Amino acid sequence: MEGRTFHGTPTGHGGMRSPPQARARAVSEDRAKISSCTPQGLLHSHRIFLNFTSHTWFWSLIQNDFKNGNIDLEGCIRLLEKMQINFDEYHLKHIFKKTIDKHSGDIISMDDFRAIYRALVHRPEFEELFKAYSIDGNILPDGQLLKFLAKEQFQTEANETTVLEIILKYEPIDEVRKRRQMSFEGFIRYMNSEECSIFKSQHRSVYQDMTQPLCDYFISSSHNTYLIADQLMGPSHLWGYTSALLKGCRCLEIDCWDGHNNEPIVYHGHTLTSKIPFRSVIHVIEKYAFMSSPYPLVLSLENHCSPKQQEVMAFCLKSILGDKLLSSPLNGEVDITRLPSPEALKFKVLIKNKKVGTLEQSMLRIEEEYGGEAEEVSDSDVPSDDDDAEVLSPGGPRTPSKRKGDRRSSPPPQKKSKVQKTKIALALSDLVVYTKSQKFVGFEHSMQFQKCWENNSIGESRARKLARVSASQFIAHTTRFITRIYPKGSRMKSSNYNPQEFWNIGCQMVALNFQTPGPYMELQDGKFLDNGGCGYVLKPAFLRDRNTTFTPRNVGTHSKPMSLSIRLISGHQLPPSAMSKTNKADPTVQIEIYGVPEDQAKKRSSVIKSNALCPRWNETFSFNIQVPELAMIRFCVEDEVSLVNKDFLGQYTLPVMSLNTGYRNIPLLSKDGTKLESASLFAHVWFY
């Protein structure tokens, strides 16, 4: 008989006793079965199972790519892409070259690929965290993952359901996932995910109250939107409007001038910038207006057209935008004492322009279909020395000459008021509802005469001066009226000013040149990441309260101060230095706080020499922030070329109130704002 036992000893054919080696093996197997019933034995067998499944999972993923033999660099790239691993090509090429240098040829084996994969993916800082909570260094049971979330990530609301969702979403090994556990592979994918980003996931969607009046929000605003370079000779292009709208911008500027064949054109008047048809601009706006945000879009018209071409503009707006164009007050309400909310104006385009007469007169004209005329509107009491105005001449823009002598020591003689008359076509005027352009005269004048649906545009220099000498009045003004700030005319290269100083006083539309990258545009992009990137961010309560006593230099008890601690742990796949022929850089990180004057701060890490792949800092930075509701934080990674020269590698900017606590990955963006897919920083964030 085959395989029967005799006195517990396995026998072969015909009852012959098996050799001593086989008996010894059988005894050790029996002992293993018995010992596996103990906790230590279970742990041991579990570890063997894990190593085996992890090993099997990896080989099953890559074996098809090696079925025809070893692979070259292109095959390696294809395989990593198939595995959905983010990598920087410079870093991959460097690691690949180091691998093939160990043996001749330019192809790698399966074992080589595994080593490359580990060099790119298996980060020691993640492994340290994983092993601190793993029971055996190989597996993270659901209970331990829950402990990690509560203790390290400060996710006190996390429960078994949260843990299960994370495991099902990020664990790539089927056998481990079925056991409701997480392998190191799954942990890596989780730590690199958006859920572990430094930016709060709740802030990625609209979470703020959108039913407050329009003047209670910061509104993402663009200046000279049609330009994609400088404002003297640069090209005007429809892409300026497309890209701003895709970024969630909610206030676009359109400079309109008379064109040939009664077709208005858009360009920077009296300069060598190129021209685009107004009609084409409106077609692009109609297509992209609500692609990134459902909330109202304001078209700020800088109108230099004759009444005849203004009528063409009105026709284009009505015929192209159709129902999207707001041309009458909501519910026919003409006695407006409070602006409607972004929620009430969803999917509507508002026209910001000068207006003739009252809303009631506009409604009557619209009902009677009467609009074929033009009327003059006057901007009385306008000081003629507006230091931000561009004085346009056939030779190009120039800034007004300064008065001789020291202005501080002897005040200039009072200038006479200048009355400017402008002809406005009634057809265009009647399209202005909640955003009537009203020349700013002064705070007292506005308080006395200005209606809530009238708004002001103030140049940066004048606004800065007013903020310095009359901050309380300025804030009282912005609690009531939408105020737009625009760059001074002398910024020929379309440079930007610091928007923070105007957000600090509640200015809603702080218009920047979107085409010009740099720290100030990064602040703008970071500010409006908040609230789902919808282009509207609710102002803090102390900038909405009409009786507020807050000013940026006297914050009082309006805000709860924050003590912020950031431990910068490491970087991963940072962009190599422009000076490097391989994948090297000497990275250093500067952490900057923007906010009220008292909160402004900059702190810099040490320099890690010749390591852009995986620099480790482990340095802690502390900040005391008086007004966190207004504060922004910027992480800027630079390559130290010399003691006095640093090259930009990447950055990330976000509102301090959008910071996630715990161990967080910090994505990095390039100079033009695009995400560097494989590059990141890793930090621990904590505040109280």
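Our subject is the structure that appears above.
Residues numbered from 1 in each chain as written. Predicted model: local features only at pLDDT ≥ 70, side-chain atom pairs only at ≥ 80, totals over all residues. Heavy atoms only, no water.

### Some words on the side chain of Glu454
Here is step 1: Counting through the fold element by element, Glu454 comes out in strand 16 (residues 454–459).
Here is step 2: What makes Glu454 buried here is its relative accessible area of 8%.
Here is step 3: Of note is the side chain of Glu454, whose polar atom sits 2.9 Å from the backbone nitrogen of Lys451.
Here is step 4: Ignoring anything within four residues of it in the chain, the contact list for Glu454 reads Lys436, Gln438, Phe449 and Phe481. (Helix = DSSP H or I, 4+ residues; strand = E, 2+ residues; numbered from the N terminus. Buried < 20%, exposed > 50% of the residue type's maximum accessible area, 1.4 Å probe, protein only. Polar contact = N/O pair within 3.5 Å; in protein donor to acceptor, adjacent residues only side chain to side chain. Contact = heavy atoms within 4.5 Å.)

### Some points on helix 18 (residues 471–478)
An α-helical segment advances 3.6 residues per turn. Residues three or four places apart therefore align on the same side.
Here is step 1: Among the eight residues in helix 18, six count as buried, and that is most of the element.
Here is step 2: Of the surrounding secondary structure, the elements contacted by the buried residues of helix 18 are helix 16 (443–449), strand 16, helix 17 (460–469) and strand 17 (483–486).

### Thoughts on a negative patch on the surface
Here is step 1: Negative charge collects at one region of the surface, where Asp72, Glu74, Glu81 and Asp106 lie side by side.
Here is step 2: With respect to the helices and strands, the residue Asp106 is situated in the loop between helix 4 (89–100) and helix 5 (110–121). (Patch = residues over 30% accessible without salt bridge, like charges linked within 9 Å, V, L, I, M, F, W, Y side chains within 5 Å. Areas by Shrake-Rupley, 256 points an atom, 1.4 Å probe, with all protein chains shown as cover. Salt bridge = Lys/Arg side-chain N within 4 Å of Asp/Glu carboxyl O. Lys, Arg positive; Asp, Glu negative; His and termini not counted. Charge placed at Lys NZ, Arg CZ, Asp CG, Glu CD.)

### Let's talk about the sheet that holds strand 18 (residues 509–510)
Across a sheet, paired strands are connected by hydrogen bonds in the backbone, their directions being either parallel or antiparallel.
Here is step 1: Taken in spatial order, the four strands make up an open sheet running 15-16-17-18, and their pairing is parallel. Two strands lie at the open edges of the sheet, namely strand 15 (436–437) and strand 18, each paired on one side alone.
Here is step 2: Where strand 15 lies against strand 16, two bridges are found, and the strand directions are parallel. The partner of Lys436 across the bridge, within strand 16, is Glu454.
Here is step 3: Most of the contacts of helix 17 go to strand 16, to which it runs at about 100°, and overall it touches strand 16 and strand 17. (Pairing = 2+ DSSP bridges. Axes fitted to C-alpha atoms, helices over the stretch in contact; angles between N-to-C directions.)

### Overview of the packing of aromatic side chains
Here is step 1: Considering all chains together, one arrives at 22 aromatic pairs under this definition.
Here is step 2: A centroid spacing of 5.6 Å and a plane angle of 55° characterise the contact between Tyr170 and Tyr190, whose relative ring orientation is tilted. On the criterion of sequence distance, the pair formed by Tyr170 in helix 8 (residues 160–170) and Tyr190 in helix 10 (residues 184–191) is long-range, its members being 20 residues apart.
Here is step 3: Ring-pair connections join several aromatic residues into one group, and the members of that group are Trp57, Phe58, Trp59, Phe66, Phe113 and Tyr117.
Here is step 4: Its end group placed over the ring of Trp59, Arg114 keeps NZ or CZ at 5.6 Å from the ring centre. (Phe/Tyr/Trp six-rings, centres within 6.5 Å; stacked < 30°, edge-to-face > 60°. Lys NZ or Arg CZ within 6 Å of the ring centre and 35° of its normal.)

### Focus on the pairing of strand 21 (residues 587–594)
Here is step 1: Within strand 21, eight of the eight residues are buried, leaving the element largely enclosed by the surrounding structure.
Here is step 2: The alternating pattern of strand 21 places Pro587, Val589, Ile591 and Ile593 and Thr588, Gln590, Glu592 and Tyr594 on opposite faces, both of which are buried.
Here is step 3: Summarising the sheet, strand 21 and strand 24 (residues 632–640) pair through eight bridges and their orientation is antiparallel. Along strand 24, the bridge assignment pairs Thr588 with Glu638.
Here is step 4: Here strand 21 pairs with strand 22 (residues 601–604) via four bridges, running antiparallel.

### Focus on the nonpolar core
Here is step 1: Counting residues in each nonpolar core, the largest one holds 68 residues, and the members touching the most others are Tyr241, Ile254, Phe278, Ile285, Leu299, Leu317 and Phe474.
Here is step 2: Ranked by the residues each element gives to this core, the list is headed by helix 13 (residues 307–321), at seven residues.
Here is step 3: Setting aside anything within four residues of it in sequence, one finds Phe474 in contact with Phe443, Ile458, Ala463, Leu466, Ala467, Thr483, Ile485, Ile505 and Cys507.
Here is step 4: Grouped together as the second largest cluster of nonpolar side chains are 50 residues, Cys76, Val121, Ile139 and Val176 included. (Core = buried A, V, L, I, M, F, W, Y, C linked by side-chain atoms within 4.5 Å.)

### Remarks on the packing of helix 4 against helix 5
When two helices pack together, their arrangement is captured by the angle between the axes and the distance separating the axes.
Here is step 1: One can describe the packing of helix 4 onto helix 5 by two numbers: an axis separation of 10 Å at closest approach and a directional angle of 140°. Between helix 4 and helix 5, the interaxial angle falls into the category oblique. Crossing handedness for the pair helix 4 and helix 5: right-handed. Counted together, Leu92, Ile95, Phe96 and Thr99 of helix 4 and Asp112, Ile116, Ala119 and Leu120 of helix 5 form the full contact between these two elements.
Here is step 2: Residues belonging to the contact of helix 4 with helix 5 are distributed by class as follows: six nonpolar, one polar and one charged. (Parallel < 35°, antiparallel > 145°, perpendicular 65-115°, else oblique. Left-handed = near helix turned anticlockwise from the far one by under 90°. Nonpolar A, V, L, I, M, F, W, Y, C, P; charged D, E, K, R; others polar.)

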